[in-house]
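# Structure assessment
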Amino acid sequence: MRKKLIVANWKLNGNWAFNEVMMSELSLGLKEVQWHDREIILCPPAIYLQQLNGLMSDLPILFGGQDVSEQFFGAYTGEISGQMLKEFGCRYTLVGHSERRVRHQEKNELVALKAKTALASGLIPIICVGETLDERDSGKMNAVIQQQIQSVIDCLKSDIIDVVFAYEPIWAIGTGLTAKVDQAQEAHEFIRGVLKNYGELCAEKVSILYGGSVKADNAQDLLEMPDIDGLLVGGSSLISAEFLAICLSRLNSK
Ligand code: PGA
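Figured I'd write up the structure that's included with this text. Note that the coordinates shown come from a computational prediction; the quantities given were computed from them, not determined experimentally. (Residues numbered from 1 in each chain as written. Predicted model: local features only at pLDDT ≥ 70, side-chain atom pairs only at ≥ 80, totals over all residues. Heavy atoms only, no water.)

Not every one of the 13 residues close to the ligand is listed here, only the nearest: Lys11, His97, Glu168, Gly174 and Ser213. Between lysine 11 and the ligand, the recorded distance is 2.7 Å, taken from a side-chain N or O atom to an oxygen atom. Protein contacts shield 94% of the accessible area of the ligand, which totals 280 Å² for the unbound molecule. (Near = heavy atom within 4 Å. Polar contact = N/O pair within 3.5 Å; in protein donor to acceptor, adjacent residues only side chain to side chain. Areas by Shrake-Rupley, 256 points an atom, 1.4 Å probe, with all protein chains shown as cover.)

For strand 5 (residues 124-129), a buried count of six out of six residues is recorded, marking the element as mostly surrounded by other parts of the structure. On strand 5, burial covers both faces: Ile124, Ile126 and Cys128 on one face and Pro125, Ile127 and Val129 on the other are all buried. In this sheet, strand 6 (residues 164-167) lies alongside strand 5 in parallel orientation, the contact comprising four bridges. Within strand 6, the position partnered with isoleucine 127 by the bridge is phenylalanine 165. (Buried < 20%, exposed > 50% of the residue type's maximum accessible area, 1.4 Å probe, protein only. Helix = DSSP H or I, 4+ residues; strand = E, 2+ residues; numbered from the N terminus. Pairing = 2+ DSSP bridges.)

In this section: the nonpolar core. Counting 63 residues, the largest nonpolar core has Phe165, Leu195, Tyr210 and Leu231 as the members making the most contacts within it. Among the elements that line this core, the one with the most residues is helix 7 (residues 141-156), at six residues. When neighbours within four sequence positions are excluded, leucine 231 is seen to be in contact with Leu5, Ile6, Val7, Leu209, Tyr210, Val214, Ala219, Leu222, Leu223 and Ile246. The next biggest cluster of nonpolar side chains, apart from the first, holds 14 residues, and it includes Leu5, Cys43, Ile124 and Ile126. (Core = buried A, V, L, I, M, F, W, Y, C linked by side-chain atoms within 4.5 Å. Contact = heavy atoms within 4.5 Å.)

Quick look at the packing of helix 10 (residues 216-223) against helix 11 (residues 240-252) now. Contact pair helix 10 / helix 11: the axes reach a minimum separation of 9 Å and the direction vectors enclose 20 degrees. As far as their axial angle goes, helix 11 and helix 10 are roughly parallel. Between helix 10 and helix 11 lies a crossing whose hand is right-handed. Only Glu242, Ala245, Ile246, Ser249, Arg250 and Asn252 of helix 11 make contact with helix 10, whose side of the interface consists of Ala216, Ala219, Gln220 and Leu223. The residue makeup of the contact of helix 10 with helix 11, split by class, is five nonpolar, three polar and two charged. (Axes fitted to C-alpha atoms, helices over the stretch in contact; angles between N-to-C directions. Parallel < 35°, antiparallel > 145°, perpendicular 65-115°, else oblique. Left-handed = near helix turned anticlockwise from the far one by under 90°. Nonpolar A, V, L, I, M, F, W, Y, C, P; charged D, E, K, R; others polar.)

Attention shifts here to the packing of aromatic side chains. Applying the stated criterion across every chain, the model contains two aromatic pairs. Ring centres 5.4 Å apart and planes at 75 degrees place the aromatic pair tryptophan 10 and phenylalanine 18 in the edge-to-face group. Residue class for tryptophan 10 comes out buried when judged on its relative accessible area of 1%. Under the relative-accessibility criterion, phenylalanine 18 is labelled partly exposed at 26%. (Phe/Tyr/Trp six-rings, centres within 6.5 Å; stacked < 30°, edge-to-face > 60°.)

Covered by surrounding structure in strand 8 (residues 230-233) are Gly230 and Leu232 together with Leu231 and Val233, the residues of both alternating faces. Across four bridges, strand 1 (residues 4-9) lies against strand 8 in parallel orientation. For leucine 5, the partnering residue across the bridge sits in strand 8 and is glycine 230.

Looking now at the environment of lysine 180. Counting through the fold element by element, lysine 180 comes out in the loop between strand 6 and helix 8 (181-196). You can call lysine 180 exposed: its relative accessible area is 56%.

Positive phi is not limited to glycine here, since glutamine 105 has a value of about 50 degrees. With respect to the secondary-structure elements, glutamine 105 resides in the loop between helix 4 (98-103) and helix 5 (108-120).

Take the side chain of threonine 93 next. Residue placement: threonine 93 occurs in strand 4 (residues 90-95). A distance of 3.4 Å separates a polar side-chain atom of threonine 93 from the backbone oxygen of aspartate 67.

Here the structure, examined in full by the defined rule, presents 11 salt bridges. Among the ionic pairs, glutamate 99 bridges to lysine 11, the shortest N-O distance being 2.9 Å. Placement of glutamate 99 in helix 4 and of lysine 11 in the loop between strand 1 and helix 1 (16-30) is noted, with a sequence separation of 88 residues between them. Note on glutamate 99: relative accessible area 30%, which makes it partly exposed. The class of lysine 11 is partly exposed, set by a relative accessible area of 21%. Here aspartate 162 makes a salt bridge to lysine 205, at a shortest N to O gap of 3.6 Å. (Salt bridge = Lys/Arg side-chain N within 4 Å of Asp/Glu carboxyl O.)

This is how it looks when you write it as structure tokens:
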């Protein structure tokens, strides 16, 4: 049974007052909901994890980091370890977000190591993969994604079964351009095919989320696709009404 997730990536947004308002609005919107096997995961700037944990009360929300160090401890200024995220209530962490790959030159091998360290720290890594518009237009999309996934498989071996992938076409992130549902489904099917090379069970068990300009009005259609197991939401996760509507689409879909 694959996990059905809605993940909010707040990026470099939020502050003490905003967080309070957001949590009380989410609390109101989610209090009657029977969430069953589905999970909502909030990835705020790590410095706010403690505050947000305190505001959680009985909300069906889990926490995640936006990134994690590939190191466990030591002289690595500015880094946050998996153990630290765990201690502050995280169950998940994003790794390899395209903003880290592009702006911080994180290569496939580093992303794979981060996923490995996250697992060793008791966190579930949500590993982001996806192509640029140039790569898509020049027909390199599948090769790029395959390489991103293969690096993780090479590093994690049989532990690959315990991760989550997020397909985020870079051209759709924060641009308002969403992949059409059939484009997204096609990419997800391709990713599942790559995982199948590692075994049927792996392909069956690993959840693949879609991310890139997800909004309330496209969430449901994306979630109806057979290989889309959840959503990774950036901008829309900062607007409570929008994010609540996306969470409720999850409940209404397959
Ligand atoms: P977006 O961001 O929803 O604002 O496009 C998604 C992401 O970067 O994870």
